[in-house]
Each structure stands twice: as C-alpha cells, then as structure tokens.
Amino acid sequence: GDGRMGMVYDGDDLQFTSRARVKFTLTGESDSGLSFGGEFRVDHEDEDGSSASRGGAGHVYISGAYGKLSMGDIDSASEKANGDLHGVGLTGLGDINEFVYLTSDFESNDNPGALYEYTTGAFTAYASMMDAGDDYGFDGDNDTVWSIGGKYAASNYAFGLGYEAVDVDGFDLNQWTISGEGTFGQATVKAIYSDMDNDGVFDDVKQYGLSVMYDAGATDVSAFYKKDEYSFAGVDTGDADTWGIGAAYDLGGGATLKGGIVDSDYNADTIADFGVAFTF
Amino acid sequence: GDGRMGMVYDGDDLQFTSRARVKFTLTGESDSGLSFGGEFRVDHEDEDGSSASRGGAGHVYISGAYGKLSMGDIDSASEKANGDLHGVGLTGLGDINEFVYLTSDFESNDNPGALYEYTTGAFTAYASMMDAGDDYGFDGDNDTVWSIGGKYAASNYAFGLGYEAVDVDGFDLNQWTISGEGTFGQATVKAIYSDMDNDGVFDDVKQYGLSVMYDAGATDVSAFYKKDEYSFAGVDTGDADTWGIGAAYDLGGGATLKGGIVDSDYNADTIADFGVAFTF
Amino acid sequence: GDGRMGMVYDGDDLQFTSRARVKFTLTGESDSGLSFGGEFRVDHEDEDGSSASRGGAGHVYISGAYGKLSMGDIDSASEKANGDLHGVGLTGLGDINEFVYLTSDFESNDNPGALYEYTTGAFTAYASMMDAGDDYGFDGDNDTVWSIGGKYAASNYAFGLGYEAVDVDGFDLNQWTISGEGTFGQATVKAIYSDMDNDGVFDDVKQYGLSVMYDAGATDVSAFYKKDEYSFAGVDTGDADTWGIGAAYDLGGGATLKGGIVDSDYNADTIADFGVAFTF
C-alpha cells in the first residue's frame, strides 16, 4: 500500500491533502512454467466507475518465453516505450509532466485493452490494441485502436519510439512519439517529442519537453519543462508552457519528504505542495 | 482471488475480456466451539450498489451442532438444493445454464436474507427467508419471501427438491423445482425441472434442462440444453431454447484454458469465448 | 475485520440485519524512529461517495516525540477529548448515544481534515482543523473550521473539555463540550454536557446525558439517557428525550451476543435489536 499527507497551495488558499491506498498483487505459475497474475488497488473498484472485476481498471497478465500479454487498464505500446518526464511534488501537482498518449485510455468496463511485450537483450518491443466500438457508439466493423513501440535500454542511456492510431468511422488520428534518456554522473536527463495528427475536426498537437533528476544521496531534485503547440489545418491555434521543480528527501523505512512547485499556462496561478509520502 | 483474460465473440465482433478479483475469507470460533465467519469480495462493495458492509452483498454465518445460519446475499433454499446445469466457457456466456429461482435475489442493503442449513448423513435440509417489505414498497405486515428445500447426496447420485413462495400485497407467486444428478464413469449428468406459478399479471414459467460434464483427466468437456416455456392463464405465450458446449484444459498451478459456444433464442447470434482463467 | 448478524425490530416489523467488513492497517517507521501509517476499510472506498484514496475516508498519520498528526476523515479535537455516551445494541440502534460535534464532519474527497494530538503524563491535548471552502461554496479567504480540546485521564476517572468553531462568510457557530467519567467497582458512569451557539438562521442546541456500563464478567449491561434542547433567539423551540438499555455476552474467540432497546422522540416507535457481533 501507499499513502501521503501534506499541504497544497492552489494559488489562492492552502489546503490539506491526504490519501491511503492498498494494492493487491496476485501471482501464480502453471505446471509448464508460465507465470500469471493480476494487480489492482482497492480503489480500482469504484474510481471513475471503472472496476477491476470488469476489466476497466487494474490488469491481469500471463508471461512466458514468448513474452508477456496483459489485459485490463493498460498503457499503450507507445507510452510503454517512451514514458513521461520526471514528475515533481507530493501530489504530482496535476501530473502535467505526463505526455498525452492517443490510445492509452480507451478501456472501460467489459471493454479492456490488451498489451503485448517481448524483450530480447536490451530491446523491448510493445504492441497494444483495444476495441473502441462498444463505448463510443461506433459500429462493430471498423473501430480498433492500436499502437506499436520499441525501447532500447542500455546501462546509461535509453531510446524509445512509438506509433499510435485511432481509425473509427469518420475519425482518423495518429501520433508519433520519440524519446531519449541519458545518465551523466548523478544526473539523469530525459527528452520526449510527440506529434499528433488529426484528420478531422480536432486540433493537431505537438508536445515536447525536457526533464532532469539529480540524485544527491538521500535527496533528489527534479525539474521539467513541457510545451504543447496546437494547430488546425496548419494554422497555429495556441500553445501552453509548463515548468515544474521539486525535491524529495528519503526519511527511510518507506517515508519520503516531498515538495514541488508548478507554473503552467493551464493553471490560473502557480501551485505548490509539501508533505510526506509513505509506502507500506 | 481469481482472474481471467481472453476473447469474446458476440456474433458480430471479437472483443477482449479480462478481470481480477480478491475475496476476503474471515473465520473465528467461540469458546463453546461454534464456528463463525464472513465472506465477501472487494467488488462486493459497489457492484450494483450492494455492499457487504450493509448486508446487501457477501454473507456472514454461524455454524455448530444445530446447523449453519447465514445472512447477507444468500441463495434461496430451493437454489441450494437444486443448483444449476453445468456451465460453459471462460465468462459463462450469459450464464443461461443457471435456473431462475424465485426468491434468491430479494436482498438489498439493510435488508439481507437468511439461510439455514442442517445436514444429517447424506441428507441436507434448507430453509431461507427474507423480508421484501422495505425495498418494494409493500406494507410491513404481509411481505415475506421464503423457501424450503432438501437434497440427498450419495456418492454417485443426488436428488434435490425445493419450494419457494412470494406472498405480498396483491401478489402470490410460487415455484417448485426438482433435480437429479448421476455420475457414470467419467460422465456426470444432471437434469432440473422447475414450474413457477404466478397468480396475477405475470406469465407462468416452466424451465427444464439437461447437462453433461465429461472429465477426461486434465481436459473437461461440458454441454447443456435448457428450454423455458411461458404461458398466461393456460395459454402459451412463447418459449426459448438454449444450448451450450464448452471445454476446459487444466494448465496447473491455478491456470485453466477455457472456451465455449452458446446458441440461444435470447441472443441475436451464436456467441463464443476463449481464454485463460486464474485462481490465486 | 468485523461482522454481525441478527434481527432488528423497527416498531412495526422484524427484519434481518447483517454485515461483513475488512479494515486495512498499514504501518511503517522511518530511520529516525517516526512511526507512520494508514487505516481504512474496504467500504471506505465508496460509502457516501467518500474514499480513502482521496482523503475523504480513513486516515493516515505520522507520530513521534512531538505528538501525532493525522489527516483524512478525523474526529474533531472536542470529540476526541469528550467522546460519546455508552452505546447499546447490536447495530447501535441509530447511535443516538453519540453527541453531535460541530466540526467532526467537514471532510470530503480532496479536502481532508487534520488532527494533532500530544500526550504528557495523564493529559492529552488535541487540535483539529479543516478547510470548509471548496465544498461549501464559500470563498477561499475566511473559511476554516477548527477545534481544540484536552483530556485528563487518571486510572479511575477522566475529564474532558473542548471548543469548536465554524467561521465562514455569514456564518458564525461555536460549541463548548465538557465531560466526566468515573469507575466505581464494576460500574463506569459518564456524563457529557454540550452547548452549541449559532449566530444566524439555525437553532441553538444544548445536548446533555448520562450513561452507565456495568461489567459483570462475560456479561455487560449498558444504559444511557440523553436530552437535546433547541432554542432560537432565547426562545425554546422544542426538545427530544432518548433512553436506551442493552446487554452483551462474550462467547469468546471474537463472538459476542448483543441486544438493545432504544426509545426516542426522534423515532415513531420503540426499536430493538438482537444478534451476534464478530471480530476477526
């Protein structure tokens, strides 16, 4: 389980924040050596109406020599290959360090997603798919949502590349994402670039950003910068800058002091938080 | 806990299916040797709005020399005595192999049902009751829902008989159910017949069916046929046939490959599923 | 976990009652010896829409030489110092033995309360606070809800005193509560007096009452009397009497037979319950 307690400043007012959660980790192994399992949190039974008992939250998996297959509330292949920038603060402060991936969130109850992963040496290939038909009112013939991606992870650097596509009646969207990460002494630097192309009524979106985490023993310092650029039919329609900085101090035994500041065009004010995070 | 992952074909489209669940099993024993306990799943806290913390899901029990008394989301006495036909598939494919029992589902939050069981030798007697008053808008005087049943289970065969009654203001419904089961070598055959008589505005319903499970070591094959006949005031108003066939292969360690096909007048198309079921 | 099963007589009709619950207790300790943890029940994830994962139910804490700080669904300082009268019955029969504290229930999801406790010798000081702004539509500047209290607990007697205040735009409410408790042989007697003063459109409320618990080995007998007096601008607007009596018999191993009777001006009829309570 995990928990946290602290304060959030929302630009106007200081408020308390706290939470406690428990995660169930289920594992087994078949006679032929396939491993299988499931993971979900207690709050996965009602948050947003999605529940692990119906495939809309948490996930199950089966894993062997031919790779690992997961179903449930999975990340897209491109998100698995590229990930997010380093985050800051006790609560994540809106999690704006996270990139928006086109096909990570189409799952719902009775409509889980599937993710396949295969690792050989330093390279991992990912493929994900889900059926958008039932929940979005499209007919049953042409409604899949899919993604492929790959990640090469050496000891001090890593690269990722991913592609995602939504092709349903009247809508045709796709997104490329590329990322690189390198460790230089105590500092880890990560950069991500993503280009979403919408053939239709929505804006195209470019996301890019850079983050650094500096590991000074018990203390970590993180910072990120992310920019989102919107355009329609080649004409700019706006952009948004976000930066964040944060620090964490390990108290040992699963307790960590954490604090952060985020300034974003998405928020009216600069926001900040501070407190203790727990893992049990 | 348990889980599953696989594919469902709904007659039109192939879709993923998955789930993960955890069950809490609580037990204790008093100084005089009465055993007691409770059982509920995590998802029993919100599925359909019924929760184990308010008696509408899961159950608690106390058990001793005088029998076992359970309260909560219990099955009726007749359902305990007669049960259901053998099911097929990874997901149950609609669970049409299950008989509809008149008084199994009147529980709700703050209005649990009670079930009493007493076993002597090969014979078990069942009695169940709940109060339908609060949730169904009837007055408090004449609103009970009850059932009695008995089951004789020898080593290779079993018989069951049950009666259920709903007697509330203006409604008078009852249902008889009889069942027999026999094991012949590796095959187990089960037959159930049920007759529901409604004095009032609803149809009478006759349900009957037969199922076979053939146990060939690690592989099991199951099949069922069920027919429901509807009539009003002695005049036929329709019927529905359902058949199903399925197979299961035990992978060991709690993992089982399962698949099935169901064709039913209740569904527009023949449906099928296939995948892996887990127990943890 | 805990559970119960039995019967409730609501003055008109006898009905079954049952429940089963599981509580998660998470604990840890930092390298410097601070203890921390979290507690919540499975049903804390959806009951009344409040969830432990968002701070509206359950709580987390950190504790050391400088006291204990808790956040989440906490009791007010005055409630911690004074508590409630002894309760009766299997289900609590409406929990009318409990005093209404002004500031115990302002928490909600994303808006937890904070409670600080410090003990020196027989004396414990309490302070609690929460921010009522976000959920009650008040502006962010002048919307805190707070309480202070103290309790002196010797071996055979205890005294408590607490003050609570709600000061938000246009509303100014406060409540004093004082309590005393003494043990005389096998009997424990408790008295509480509380005075809530509302500057505004609501009634002032005086609550006072007395309870006795007599511990006769495996059997306990409890009784309480509570009176609530309502007035507006110094003019009486009504009052309500409640008395209750109950008994409990310990069956050992975590099972207890319990029953009670409550007669209250808040209920149309005298109500009663009887059954078995479990702890696991």
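Let me sum up the structure you'll find in this document.

Criteria and cut-off values
- Residue numbers restart at each chain and count upward from 1, following the sequence in its written direction.
- Just so you know, chain letters begin at A and ligand numbers begin at 1, following the order they were written in.
- Only residues with pLDDT of at least 70 get local features here, since the model is predicted, and only at 80 or more are side-chain atom pairs given and counted; chain-wide, interface and lining totals rely on the full set of residues.
- As a rule here, side-chain values come from all non-hydrogen atoms in the structure, and water together with hydrogens is ignored.
- The copies were overlaid by least squares, fitting only the C-alpha atoms of residues that reach a pLDDT of 70 or more in each copy.
- The contact criterion used is simple: two residues touch if any of their non-hydrogen atoms lie within 4.5 Å.
- Strands are treated as partners if at least two bridges between them are detected by DSSP.
- Helix and strand assignments follow DSSP, with helices taken as H or I runs no shorter than four residues and strands as E runs no shorter than two, numbered in order from the N terminus.
- Buried area is a sum: the accessible area each of two parts loses on coming together, probed at 1.4 Å, counted once for each and added.
- Residues adjacent in sequence count toward polar contacts only when both atoms are side-chain atoms; beyond that, a polar contact is any pair of N or O atoms within 3.5 Å, and within protein one must be able to donate a hydrogen and the other to accept it.
- In this classification, the charged set is Asp, Glu, Lys and Arg, the nonpolar set is Ala, Val, Leu, Ile, Met, Phe, Trp, Tyr, Cys and Pro, and all remaining amino acids, among them Gly, are polar.
- The rule for a salt bridge is simple: a side-chain nitrogen of Lys or Arg has to be within 4 Å of a carboxyl oxygen of Asp or Glu.

With an RMSD of 0.0 Å, chain C superimposes on chain B once it is rotated by 120 degrees and translated 0.0 Å along the axis. Expressed as a symmetry operation, the mapping of one chain copy onto the other fits a three-fold axis. Taken as a fraction of all interface residues of chain C, those also at the interface in chain B reach only 11%, which identifies the copy contact as different-surface.

What follows is about the pairing of strand β17 (residues 271–279) of chain A. Residue and element names in this part refer to chain A. Across eight bridges, the pairing between strand β1 (residues 2–9) and β17 is antiparallel. The partner of Gly6 across the bridge, within β17, is Gly275. In this structure, strand β16 (residues 255–264) lies alongside β17, joined through eight bridges in antiparallel fashion. Bridge pairing in β17 places Leu257 opposite Val276.

Further remarks concern the interface of chain C and chain B. Counting residues at the interface gives 28 residues for chain C and 38 residues for chain B. In total, about 2500 Å² of surface goes out of reach between chain C and chain B, with carbon and sulfur atoms giving 66% of it. Scanning the region where chain C abuts chain B turns up four residue pairs in polar contact (both at pLDDT 80 or more). Every element with two or more residues in the side of chain C that touches chain B is listed here: β1 (2–9), β2 (14–21), β15 (235–252) and β17 (271–279) of chain C. Ranked by residue count, the leading element in the side of chain C that touches chain B is β2(C), at eight residues. For the side of chain C that touches chain B, the residue count by class is twelve nonpolar, eight polar and eight charged.

Counting residues at the interface gives 28 residues for chain B and 37 residues for chain A. On the chain B side of the interface with chain A, the three residues burying the most area are Met5(B), Phe16(B) and Phe280(B), jointly 28% of the side's total. Counting every contact that joins chain B to chain A gives zero salt bridges. For the pair chain B and chain A, the number of links is four residue pairs in polar contact (both at pLDDT 80 or more). Looking at the side of chain B that touches chain A, the elements that each hand over two or more residues are β1 (2–9), β2 (14–21), β15 (235–252) and β17 (271–279) of chain B. Per-element tally for the side of chain B that touches chain A: the top contributor is β2(B), with eight residues.

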